[in-house]
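Breakdown of the fold
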Amino acid sequence: MSVRLSGRALSIPAAARALEASGAGGVAFFAGRVRPDRTPEGTVVALDYEADPPMALRALRDLEREAVRRFGARAVVAWHRVGRVRVGEVAVIVGAACGHRAEAFDATRYLIEELKRTVPIWKAVRARPARRPRRSPGRRAGRSSG
Amino acid sequence: MPPTLTVRFFATARQATGRSSVAWEIPREGASVADVLRSLGASFPRLAPTLRVARIVRNGRYVEDLAEAVGSRDELSVHPPYGGG
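In this text, all values refer to a predicted model and were calculated from it rather than measured experimentally. (Residues numbered from 1 in each chain as written. Chains lettered and ligands numbered in written order. Predicted model: local features only at pLDDT ≥ 70, side-chain atom pairs only at ≥ 80, totals over all residues. Heavy atoms only, no water.)

Considerations on the interface of chain B and chain A
Definition in use: Contacts are assigned to residue pairs that have any heavy atoms within 4.5 Å of one another. Buried area is a sum: the accessible area each of two parts loses on coming together, probed at 1.4 Å, counted once for each and added. By salt bridge we mean one thing: a side-chain nitrogen of Lys or Arg within 4 Å of a carboxyl oxygen of Asp or Glu. Secondary structure elements follow DSSP: runs of H or I of four or more residues count as helices, runs of E of two or more count as strands, with numbering from the N terminus. When residues are grouped by polarity, Ala, Val, Leu, Ile, Met, Phe, Trp, Tyr, Cys and Pro land in nonpolar, Asp, Glu, Lys and Arg in charged, and all others, Gly among them, in polar.
On the side of chain A, 17 residues touch chain B, which itself brings 16 residues to the contact. The largest contributions to the chain B side of the interface with chain A come from B:Tyr82, B:Gly84 and B:Gly85, which together make up 41% of the buried area. On inspection of chain B and its partner chain A, the count reaches two salt bridges. A salt bridge links B:Arg8 to A:Asp52; its shortest N-O distance comes to 3.8 Å. At the level of secondary structure, the elements contributing two or more residues to the side of chain B that touches chain A comprise helix 1 (11–17), strand 4 (61–62) and strand 5 (75–79) of chain B. Along the lines of polarity and charge, the residues of the side of chain B that touches chain A split into seven nonpolar, six polar and three charged.

What follows is the structure, given as structure tokens:
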């Protein structure tokens, strides 16, 4: 069983190893990466995550216990980054090792959906403002014809 | 000196107040969590919309009833809606 709030990079292989160690028949996990979405402020370059650490860790442990109770999980990972997470980096990994694939998938889906809903973690977008098109002197901005 | 409690702000609540925590005067003897939130909203108008949707934590436990009384050793945390993942 493993819950974590980390200011350092999250390792997908390390999460897989933590789940495989249980020897369970079905292992599933989800890793969420920061996307370069376009927002009104510009293109996302990073997300700044903050947490209320004692409450967040308690909530993650509650999720872990619930995954065991509901889905019979033999191992659970629920790891989340805090601090600045750049585009392409992993912000969250959740997963479960269960008797069969159906429970493993269900537990993993449960973990990520409940994490987003119940764990006191917040994100703020860091965006690079879009460049404004330059206006040439004496020409109207916009699409040129021809 | 009037009794105070500690209020911690996260995310949009911190942005609205410009502070991560304050020592806040308890409005009156026997004041409730709701009374404290009202006085915070009056002093930080930008905080008011967040207070309407926030979860409040008192000494490490979610507040279920805003009518419960607060004391000078209490710590309240203002949790805006969560956004992890």
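What to know about the pattern of salt bridges
Close approach of charged atoms allows side chains with opposite charge to pair. Our working definition: Only protein chains enter the calculation, and the probe is 1.4 Å; a residue is then buried if its accessible area is under 20% of its type maximum, exposed if over 50%, and partly exposed in between.
Counted according to the given criterion, the structure contains 16 salt bridges over all chains. The salt bridge involving A:Arg65 is made with A:Asp62; its shortest N-O contact spans 2.5 Å. Here A:Arg65 and its partner A:Asp62 are both found in helix 2 (residues 53–71), three residues apart, which amounts to about one turn of the helix. Among the residues examined, A:Arg65 registers a relative accessible area of 52% and is labelled exposed. The closest approach of N and O atoms between B:Asp35 and B:Arg28, which form a salt bridge, is 2.7 Å. Through salt bridges with shared partners, a single ionic network connects A:Asp48, A:Arg84 and A:Arg126.

Fair warning: the whole summary comes from geometry, so function is off the table for now.
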